[in-house]
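Coordinates in review
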Amino acid sequence: MTREGEIFWGLALIKSPEELVRRLKAESTRDPQPEVSIRGDEASRYEAIDRVVQACRRAGITKVGFVIETAARGH
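This text gives an overview of the structure that appears in the document. (Residues numbered from 1 in each chain as written. Predicted model: local features only at pLDDT ≥ 70, side-chain atom pairs only at ≥ 80, totals over all residues. Heavy atoms only, no water.)

Looking now at the nonpolar core. Ranked by internal contacts, the top residues of the largest apolar core, which has 16 residues, are Leu-20, Leu-24 and Val-52. Of all the elements in the fold, those that place two or more residues in this core are helix H1 (17-28), strand E3 (36-41) and helix H2 (46-59). Per-element accounting of this core gives the leading share, seven residues, to H2. With residues near it in sequence (within four places) discarded, Leu-20 still touches Ile-7, Trp-9, Ile-14, Val-52 and Ala-55. (Core = buried A, V, L, I, M, F, W, Y, C linked by side-chain atoms within 4.5 Å. Buried < 20%, exposed > 50% of the residue type's maximum accessible area, 1.4 Å probe, protein only. Helix = DSSP H or I, 4+ residues; strand = E, 2+ residues; numbered from the N terminus. Contact = heavy atoms within 4.5 Å.)

What follows is the structure in structure tokens.
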């Protein structure tokens, strides 16, 4: 996810909340169910992150992790 709130699935831009839920539902049926990793930088907005978490819940995803990228010190 970008600091502007854009959501990507790998390198593909997710164009709507429905598309995100549809993709997550397909993943939720896998056995074992994969963990969804939400990756953003330290400037990512909470509201955007919450939209992804809520989409995971709607799709039945039970494992959600967070990866926060910080700027290198001194740069």
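Further remarks concern H1. Between its first and last C-alpha atoms H1 spans 16 Å; for 12 residues at 1.5 Å apiece the expected length is 16 Å, and the two agree. Within H1 the residues assigned to the buried category are Glu-19, Leu-20, Val-21, Leu-24 and Ser-28. Where H1 is buried, its residues touch strand E1 (8-9), strand E2 (12-13), E3 and H2. (Expected span 1.5 Å × (residues − 1).)

Let us look at the packing of H1 against H2. Between H1 and H2, the least distance of the axes is 8 Å, while the angle of their chain directions is 50 degrees. In terms of axis orientation, H1 runs oblique to H2. Read as a crossing pair, H1 and H2 show a hand that is right-handed. Seen from H1, the contacting residues are Leu-20, Val-21, Leu-24, Lys-25 and Ser-28; seen from H2, they are Val-52, Ala-55, Cys-56, Arg-58 and Ala-59. Looking at side-chain class alone, the contact of H1 with H2 contains seven nonpolar, one polar and two charged residues. (Axes fitted to C-alpha atoms, helices over the stretch in contact; angles between N-to-C directions. Parallel < 35°, antiparallel > 145°, perpendicular 65-115°, else oblique. Left-handed = near helix turned anticlockwise from the far one by under 90°. Nonpolar A, V, L, I, M, F, W, Y, C, P; charged D, E, K, R; others polar.)

On to the pattern of salt bridges, then. Counted according to the given criterion, the structure contains three salt bridges. Note that Glu-19 is salt-bridged to Arg-23, the shortest N-O span being 3.4 Å. You can see Glu-19 and its partner Arg-23 sitting in helix H1, four residues apart, about one turn around the helix. For Glu-19, a relative accessible area of 14% translates into the label buried. Residue Arg-23 is classed as partly exposed on the basis of its relative accessible area of 29%. A salt bridge links Glu-47 to Arg-45, with the shortest nitrogen-to-oxygen separation between them at 3.4 Å. The partly exposed category is assigned to Glu-47, whose relative accessible area is 44%. (Salt bridge = Lys/Arg side-chain N within 4 Å of Asp/Glu carboxyl O.)

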